[in-house]
Amino acid sequence: MTALWIAGGILIFLLLLIIVVLLLHVGVRILYDEDGLRVYIIAGPVKIDLFGLLNRPGKARKKKKQPAEQKSAEPKKPGSPGGLKASLGDIRGLLDALLPRLRFDRLCIHYVAAGGDDPCAAALCYGGASAFFGTVLPVLENGCIVRDRDLRTDVDFSADSDRVSLCIQLTIVVLDAVRALLPFVFRSVKAARAAADQEKDTNTTEEKGGQFNG
């Protein structure tokens, strides 16, 4: 009886854990200012510095020295355009299912045009940036969820160079991502199996034809 209670408790814990994971918001936060570019991976309340993770001393790999006379490897041939064209429908379907579920928690961009050297050029840059923001924001709002937005342009006639700072946080619920990806994965697996079966049938036909000619 005790074993059943323990097994039931473990099962309930695992189900609750799966539910919590599926309801988590995961995504990326991108920051750029005078301190440079910073990228963080977000999973619920957890925030991981991507560059710090990639540049850890323990992650450094030793590069193997190649002989001078060794020829560089030939680049791999890209996929055929026909295969890409046949996959455009699936890719479009994936984007159509994924984009409405994306959420911009923060979309803050501040652009300052420098007018110290050429005030006329600064005014043109200011107008171009304002027009760009005014064009892009409605497109994003129609395709995604934009919660906190702050797109600003300014002119500094005493500055010698343009400045830009941004903070973009893009997230999606794990469950929504799974729901969007599963049909695409199933179609890809089905297409791969169909291609393998077709190749197998072709090889079988060729073998039979060779035996008949012999």
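You'll find the structure just up there.
As the structure is a prediction and not an experimental result, all values here were calculated from the model.

### Brief notes about the overall build of the protein
Scanning the protein from terminus to terminus reveals five helices and six strands. Seen in sequence order, the protein has helices and strands lined up from the N terminus as α-β-β-β-α-α-β-α-β-β-α. Here the protein holds 214 residues, and the buried ones make up 17% of them. Restricting the contact set of the protein to residue pairs at least 6 apart, pairs at least 24 apart contribute 72%.

### Let's talk about the pairing of strand S5 (residues 145-156)
Both faces of the sheet carry side chains from a regular strand, because those side chains alternate between them. Examined bridge by bridge, strand S4 (residues 103-114) and S5 share eleven bridges and lie parallel to one another. Bridging across to S5, Val 112 finds its partner in Asp 154. Note on the crossover from S4 through helix H4 (residues 119-143) to S5: the handedness is right-handed.

### Regarding the sheet that holds strand S3 (residues 46-49)
In sheet architecture, strand pairing relies on hydrogen bonds along the backbone and comes in two forms, parallel and antiparallel. With respect to topology, six strands assemble into an open sheet ordered S3-S2-S1-S6-S4-S5, the strand pairing being mixed. With partners counted over all chains shown, the strands left at the sheet margins are S3 and S5, one partner each. Mean inter-strand twist for the sheet, computed between neighbouring axes without regard to direction, equals 15 degrees. The pairing of S4 with strand S6 (residues 163-173) spans nine bridges and is classified as antiparallel. By the bridge assignment, Phe 104 is partnered in S6 with Leu 170. Its contacts with the sheet place H4 against S4 and S5, and it is angled at close to 175 degrees to S5.

### Some remarks on the side chain of Asp 105
In this fold, Asp 105 is placed in strand S4. A distance of 2.5 Å separates a polar atom in the side chain of Asp 105 from a polar atom in the side chain of Arg 103. Sequence-distant contacts of Asp 105, defined by excluding residues within four places in its chain, comprise Arg 147, Asp 148, Gln 169 and Thr 171.

### Section: H4
With 25 residues, H4 ought to run about 36 Å at 1.5 Å a step, and its terminal C-alpha atoms sit 36 Å apart, in line with that. Taken together, the buried positions of H4 are Ala 122, Ala 129, Phe 133 and Leu 137. Where the residues of H4 are buried, they touch S4 and S5. Capping the start of H4 is the job of one residue whose side-chain oxygen sits 3.2 Å from the backbone nitrogen of Cys 120: Asp 118.

### A look at the nonpolar core
Judged by nonpolar contacts, the single largest core of 15 residues is most densely connected at Phe 104, Leu 107 and Tyr 111. If we ignore the near neighbours within four places in the chain, the residues touching Leu 107 are Leu 137, Leu 140, Val 146, Asp 148, Arg 149, Asp 150, Leu 151, Cys 167 and Ile 168.

### Comments concerning the state of the cysteines
Counted according to the given criterion, the structure contains zero disulfides. Not engaged in a disulfide, the cysteine Cys 167 finds its nearest cysteine sulfur in Cys 108; these two sulfurs lie 5.6 Å apart. According to the relative accessible area criterion, Cys 167 is buried, its value standing at 10%.

### Re the pattern of salt bridges
Within the structure shown, the criterion is met by nine salt bridges. We note a salt bridge from Asp 105 to Arg 147, for which the minimum N-O separation is 3.9 Å. Taken together, the positions of Asp 105 in strand S4 and Arg 147 in strand S5 put the pair 42 residues apart, joining distant regions of the chain. As a salt-bridge pair, Arg 152 and Asp 150 come within 3.3 Å of each other at their nearest N and O atoms. In this structure Arg 152 comes out as partly exposed when scored by relative accessible area, which is 43%. Through salt bridges with shared partners, a single network forms among Arg 101, Asp 176 and Arg 179.

So, how was this worked out
Residues numbered from 1 in each chain as written. Predicted model: local features only at pLDDT ≥ 70, side-chain atom pairs only at ≥ 80, totals over all residues. Heavy atoms only, no water. Helix = DSSP H or I, 4+ residues; strand = E, 2+ residues; numbered from the N terminus. Buried < 20%, exposed > 50% of the residue type's maximum accessible area, 1.4 Å probe, protein only. Contact = heavy atoms within 4.5 Å. Pairing = 2+ DSSP bridges. Right-handed = clockwise from strand over helix to strand, strands pointing away. Axes fitted to C-alpha atoms, helices over the stretch in contact; angles between N-to-C directions. Polar contact = N/O pair within 3.5 Å; in protein donor to acceptor, adjacent residues only side chain to side chain. Expected span 1.5 Å × (residues − 1). Core = buried A, V, L, I, M, F, W, Y, C linked by side-chain atoms within 4.5 Å. Disulfide = S-S within 2.5 Å. Salt bridge = Lys/Arg side-chain N within 4 Å of Asp/Glu carboxyl O.

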